[in-house]
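Reading the structure
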Amino acid sequence: LAGAATMDEVRARIDTWVGENPAATWVHGEGFDYAALPEVRHPRSDDLSGAGGGRPVMLLDYSVHAAVLNHPALEAFGIGAGSGDVPWGTVERDAAGRPTGYVADFAVKGIEDAGQKALERVSPAYSLDAQYARVAAGLAMAARFGITTVVEPQNSIDDLALFGRALAEGEA
């Protein structure tokens, strides 16, 4: 989503991706920039209305510190008026206590064990295979650039198994 200048462009990119991936059950995007909003505020579920063709949509902002969810994603994660925060973030609420769709603290809570497990249970982008694919892609990219040592302070101890798998499968 990097470079999307308006919410219309964000929704169009989502819909283009859905058109190219019709079997996808979820839409995940990264790089959302708040400049796409017409005013200074956090993005909301309503900003994503209609995007994704009824699929849950979860967008991480450019810093990966926050996520915005559409209404189907809020439902999938069990986030509603009577729910609390989620293990992977702090749910923003409006004056009536309803979730806005904006979830802060993702960069901290989302990498903690409880956050990862909660994401993994609901979202295919956080399955162990998807996590492994990101690790393997990162290692391959580092190798292409001649990087021989990678220090990743944001990984938890549980992620060592992903790196061990990459080593065993010849990815590292």
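Residues numbered from 1 in each chain as written. Predicted model: local features only at pLDDT ≥ 70, side-chain atom pairs only at ≥ 80, totals over all residues. Heavy atoms only, no water.

This part takes up the pattern of salt bridges. Between side chains of opposite charge, pairing is possible as soon as their charged atoms come close. Scanning the entire structure with this criterion turns up eight salt bridges. The salt bridge involving E39 is made with R41; its shortest N-O contact spans 2.3 Å. Exposure remark for E39: the relative accessible area of 38% places this residue in the partly exposed category. The partner of R98 in a salt bridge is D94, with the nearest N and O atoms 3.0 Å apart. R98 gets classed as partly exposed once you look at its relative accessible area, which sits at 48%. Among the charged side chains, a salt-bridge network with shared partners connects E39, R41 and D47. (Salt bridge = Lys/Arg side-chain N within 4 Å of Asp/Glu carboxyl O. Buried < 20%, exposed > 50% of the residue type's maximum accessible area, 1.4 Å probe, protein only.)

What follows concerns helix 1 (residues 7–20). When the terminal C-alpha atoms of helix 1 are compared, their 20 Å separation across 14 residues agrees well with the 20 Å that a helix rising 1.5 Å per residue should span. Among the residues making up helix 1, those that are buried are M7, V10, I14 and V18. An end-on view of helix 1 places all buried positions within 75° of arc, on one side of the element. Those residues of helix 1 that are exposed and angled more than 90 degrees off the buried face are D8, G19 and E20. (Helix = DSSP H or I, 4+ residues; strand = E, 2+ residues; numbered from the N terminus. Expected span 1.5 Å × (residues − 1). Arc of directions from axis to C-beta.)

Moving on: the sheet that holds strand 5 (residues 99–104). Read from one edge to the other, the open sheet built from five strands follows the order 1-2-3-5-4, with strand pairing classed as mixed. Edge strands, defined here as strands with exactly one partner in the open sheet, are strand 1 (27–32) and strand 4 (90–93). Geometrically, the sheet is characterised by an average inter-axis angle of 25° between neighbouring strands, direction not taken into account. Where strand 2 (residues 57–61) and strand 3 (residues 67–69) come together, three bridges link them in antiparallel fashion. Following the sheet pairing, L60 is matched in strand 3 by A67. The sheet contacts of helix 1 involve strand 1 and strand 2, and relative to strand 1 the element is tilted by about 145°. (Pairing = 2+ DSSP bridges. Axes fitted to C-alpha atoms, helices over the stretch in contact; angles between N-to-C directions. Contact = heavy atoms within 4.5 Å.)

Turning our eyes to something else, we now look at the packing of helix 5 (residues 128–144) against helix 6 (residues 160–168). Direction vectors running N to C along helix 5 and helix 6 enclose 60°, while the axes themselves pass 9 Å from each other. Relative to helix 6, the element helix 5 is oriented oblique. In terms of crossing hand, the pair formed by helix 5 and helix 6 is right-handed. On the side of helix 5, the interface is formed by L128, D129, Q131, Y132, V135 and L139, while helix 6 contributes L162, F163, R165 and A166. (Parallel < 35°, antiparallel > 145°, perpendicular 65-115°, else oblique. Left-handed = near helix turned anticlockwise from the far one by under 90°.)

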